[in-house]
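These are the residues of each chain, in order.
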Amino acid sequence: MMPCYQLPISQMRRFGLALMLPVALLGAFVFPTQLQTATAQTSGANRPLTIRADVQEYDAKNQVITARGNVQMLYPARQIQATSAQAQYFSKERRIDFSGNVYILQQGGNSIRAEKVTYLIDEGRFVALPQSNRQVESIYMIQESNNDGQTAKPAPQAPAFKPSN
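Everything numeric in this text was worked out from a predicted model, so none of it was measured.

J.: Give a detailed account of the environment of Leu 120, specifying residues and quantitative values.
T.: Within the secondary structure, Leu 120 is located in strand E7 (residues 111-120). Classification of Leu 120 by relative accessible area gives buried; the value is 18%. Expressed as a C-alpha distance, the spacing of Leu 120 and Arg 95, which sit 25 residues apart in the sequence, is 4.8 Å. If near-sequence neighbours (up to four positions away) are discounted, Leu 120 is found in contact with Arg 94, Arg 95 and Arg 125.

Written as structure tokens, this is what we have:
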């Protein structure tokens, strides 16, 4: 084999291109420059569930979408928006697992903050778990009314909460 300093310029360019092309293609898949988007169809009326993330993978055998990095989910049929570090959509089980700084907002102002949240689509139920030594935070908007159907007066001021040691 001839040393590279003795190869003609055209052969060196071809050799460099042959090395760079696989690296460039790999970079396009591993380090995308924009958010990847997947839309999953739910059963019945085929309502879209949109997931955006830095990287997404699809396991066709198990029918699981894994999204990582700046995950944003929009599910208009259920009026749900969510953000997290990672999400997995299990289409066979009809379940979404969120992890890493999860924030879920429903229309009307209800929200959940947790480290991990599982959303069971068919049941319309959330199961939230905190980070160790922390708690899950939920905010629920409650519409209060009296017997006449009018909005009730505000409740009296409660004493300040003092955490136990």
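Picking up after the structure, the text goes on.
J.: Provide a residue-level description of the environment of Gln 106, including the pertinent values.
T.: Mapping Gln 106 onto the fold places it in strand E6 (residues 95-106). Overall, Gln 106 belongs to the partly exposed group, its relative accessible area being 28%. In the structure, Gln 106 is positioned 28 residues away from Arg 78 in sequence and 8.0 Å away in space, judged by C-alpha atoms. Residues in contact with Gln 106, not counting those within four places in the same chain, are Arg 78, Gln 79, Ile 80 and Phe 126.

J.: Break down the packing of aromatic side chains for me, with residues and values.
T.: Counted according to the given criterion, the structure contains one aromatic pair. Consider the rings of Tyr 119 and Phe 126, whose centres lie 4.6 Å apart with planes at 25 degrees: the pair is stacked. The ring of Phe 90 is capped by Arg 95, whose NZ or CZ atom sits 4.0 Å from the centre of that ring.

Conventions and cut-offs
- Residues numbered from 1 in each chain as written.
- Predicted model: local features only at pLDDT ≥ 70, side-chain atom pairs only at ≥ 80, totals over all residues.
- Heavy atoms only, no water.
- Helix = DSSP H or I, 4+ residues; strand = E, 2+ residues; numbered from the N terminus.
- Buried < 20%, exposed > 50% of the residue type's maximum accessible area, 1.4 Å probe, protein only.
- Contact = heavy atoms within 4.5 Å.
- Phe/Tyr/Trp six-rings, centres within 6.5 Å; stacked < 30°, edge-to-face > 60°.
- Lys NZ or Arg CZ within 6 Å of the ring centre and 35° of its normal.

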